[in-house]
Amino acid sequence: MKQPEVRWESAGTRNVGVLVSDTLMFQRAEPNPSDANLGSFYGLAMPLLKRGVPVEPVQIESAATPGFLDRYKVLLLTYEGQKPPTREFHEALAKWVRRVVHWW
């Protein structure tokens, strides 16, 4: 498209994420689905979205990558319907919490 100016519209608090793991998808299928409709994810994300807060999914498996979590101000997490993949995830999340709490 030919247009002289391009800009993104944004509103609300940026850098809010809901942590999700690949295991979330595994647990919603047969033989014993624990969260077939992804209610654990939507239960965290939808109240914020309905009030205009942009929320993005944040891949747990990437959390231990240096700097990956640095841009986030708020992270929401539940283990309902998903399992953390490794111990390194918990260590990376704890490091992020200490940094964010110290910043406030």
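Residues numbered from 1 in each chain as written. Predicted model: local features only at pLDDT ≥ 70, side-chain atom pairs only at ≥ 80, totals over all residues. Heavy atoms only, no water.

Draft legend 1. View of the overall build of the protein. Along the backbone of the protein there are 3 helices and 3 strands. The linear arrangement of helices and strands in the protein, starting from the amino end, is β-α-α-β-β-α. Taking all 104 residues of the protein together, 27% fall into the buried category. Put simply, 70% of the contacts in the protein that link residues at least 6 apart link residues at least 24 apart. When the accessible surface of the protein is summed, it comes to about 7600 Å², and 57% of that surface belongs to carbon and sulfur atoms. (Helix = DSSP H or I, 4+ residues; strand = E, 2+ residues; numbered from the N terminus. Buried < 20%, exposed > 50% of the residue type's maximum accessible area, 1.4 Å probe, protein only. Contact = heavy atoms within 4.5 Å. Areas by Shrake-Rupley, 256 points an atom, 1.4 Å probe, with all protein chains shown as cover.)

Draft legend 2. Geometry of the pattern of salt bridges. For the coordinates displayed, the defined rule picks out 3 salt bridges. Salt-bridge contacts for glutamate 91 lead to arginine 87; the nearest nitrogen and oxygen are separated by 2.7 Å. Note that glutamate 91 and arginine 87 are positioned in helix H3 (residues 87–103) at a spacing of 4 residues, about one turn of the helix. Note on arginine 87: relative accessible area 62%, which makes it exposed. (Salt bridge = Lys/Arg side-chain N within 4 Å of Asp/Glu carboxyl O.)

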